[in-house]
Amino acid sequence: VVVIKDPYHWMGSMCRHPYAASWQHSKNMCPNLLIRNRRREKKKLLTNKVTVEYRKTNPGHYESLVGLWNDWYGDYLAIEDFPRLIVRFEDLLFHLDEVMTQICNCGGGTLVNNEGGIKMQEKNAKAGHNNGSNGLLGAMLRYGHGEQRTDGFTEEEKTYAKKTLRKDMMDLFGYSHPTND
């Protein structure tokens, strides 16, 4: 089972918790998809390269955080050798009982304690992610409101993301691009 997240929210999450990814950004400039080329007179915008150290000897290199999202989830989508289930994070967050029942049914099982419902943990469940991570209420507030999807994005970055995010994946998972105001 793979959990996919709306790419705009995912990039915001990466700003708070970059894991093994590194790219030029700061708390005030994130996701920082584009950087200005200061060496040229036109100061053209360039993509901000991302490196992910999966292993010290084999880092991954990506065009930007958009490229990382495209490749990371695109690789799961391309798997044909064995079955996989890709579930939207947002559906787990807002429709947990229904989605977990469907996942269990898909795997040939049944949901245990179906009558009592699934008990949600209110606090952050990720070890070591106390800084900037949400508990249940915080996650619902963050991911339930579209206006926070592009916090930190410049207009150029919104345009770049809209142009570069894989349309097939956006359509397949029902994600939309924010409107440029």
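Definitions and limits used
- Residues numbered from 1 in each chain as written.
- Predicted model: local features only at pLDDT ≥ 70, side-chain atom pairs only at ≥ 80, totals over all residues.
- Heavy atoms only, no water.
- Helix = DSSP H or I, 4+ residues; strand = E, 2+ residues; numbered from the N terminus.
- Buried < 20%, exposed > 50% of the residue type's maximum accessible area, 1.4 Å probe, protein only.
- Contact = heavy atoms within 4.5 Å.
- Phe/Tyr/Trp six-rings, centres within 6.5 Å; stacked < 30°, edge-to-face > 60°.
- Salt bridge = Lys/Arg side-chain N within 4 Å of Asp/Glu carboxyl O.
- Polar contact = N/O pair within 3.5 Å; in protein donor to acceptor, adjacent residues only side chain to side chain.
- Pairing = 2+ DSSP bridges.
- Disulfide = S-S within 2.5 Å.
- Expected span 1.5 Å × (residues − 1).

(A) Broad picture of the overall build of the chain. When helices and strands are counted, the chain shows seven helices and seven strands. Start at the N end of the chain and walk to the C end: the helices and strands fall as β-α-β-β-β-β-β-α-β-α-α-α-α-α. Here the chain holds 181 residues, and the buried ones make up 35% of them. For the chain, restricting intrachain contacts to residue pairs at least 6 apart in sequence, the fraction spanning at least 24 positions comes to 59%.

(B) Region of interest: unusual backbone geometry. That bond from cysteine 30 to proline 31 is cis: its omega, 25°, falls within 30 degrees of zero. With respect to the helices and strands, proline 31 occurs in the loop between strand S2 (21–22) and strand S3 (34–36). Of note, tyrosine 19 is a non-glycine position whose phi angle comes to about 55°, a positive value. For tyrosine 19, a relative accessible area of 54% translates into the label exposed. A positive phi is found at asparagine 32, a non-glycine position, where the angle reads about 55°. Mapped onto the fold, asparagine 32 is located in the loop between S2 and S3.

(C) How the structure looks around the packing of aromatic side chains. In the structure shown here, the tally under the stated rule is four aromatic pairs. Each ring, one from tyrosine 54 and one from tryptophan 72, has its centre 6.1 Å from the other, and the planes form 5°; the classification is stacked. With tyrosine 54 in the loop between strand S5 (50–52) and strand S6 (60–62) and tryptophan 72 in helix H2 (residues 65–78), this residue pair connects regions lying 18 residues apart in the sequence. When the ring of tryptophan 72 is compared with that of tyrosine 76, the centres are 5.9 Å apart and the planes differ by 80°; the resulting orientation is edge-to-face. On the criterion of helical spacing, the pair formed by tryptophan 72 and tyrosine 76 is a turn pair, its members being four residues apart in helix H2. These aromatic residues form a ring-pair network of at least three members: Tyr54, Trp72 and Tyr76.

(D) Quick peek at the pattern of salt bridges. Applying the stated criterion across every chain, the model contains five salt bridges. Of the charged contacts, one joins aspartate 91 and arginine 88 as a salt bridge, the two residues approaching to 2.9 Å between their closest N and O atoms. By relative accessible area, aspartate 91 is classed as partly exposed at 23%. Between arginine 166 and aspartate 168 there is a salt bridge whose closest N-O contact spans 2.6 Å.

(E) Highlighting the side chain of lysine 158. Mapped onto the elements, lysine 158 comes out in helix H6 (residues 155–164). Separated by 3.1 Å, the side chains of lysine 158 and glutamate 155 make a polar contact.

(F) Spatial organisation of the sheet that holds S5. Spatially, the three strands line up as an open sheet ordered S2-S5-S6, and their pairing is antiparallel. Since the sheet does not close on itself, it has two edges, and those belong to S2 and S6, each with one partner. By the bridge criterion, three bridges tie S5 to S6 in an arrangement that is antiparallel. Within S6, the position partnered with valine 50 by the bridge is tyrosine 62.

(G) Representation of the state of the cysteines within the structure. Counted under the stated rule, the structure contains one disulfide. Its sulfur unpaired, cysteine 104 is 9.9 Å from the next cysteine sulfur, which belongs to cysteine 106.

(H) Local environment of H2. An ideal rise of 1.5 Å per residue puts 20 Å on 14 residues; H2 measures up with 19 Å between its terminal C-alpha atoms. Three or more residues of H2 are buried, namely Leu65, Val66, Gly67, Leu68, Trp69, Asn70, Tyr73 and Gly74.

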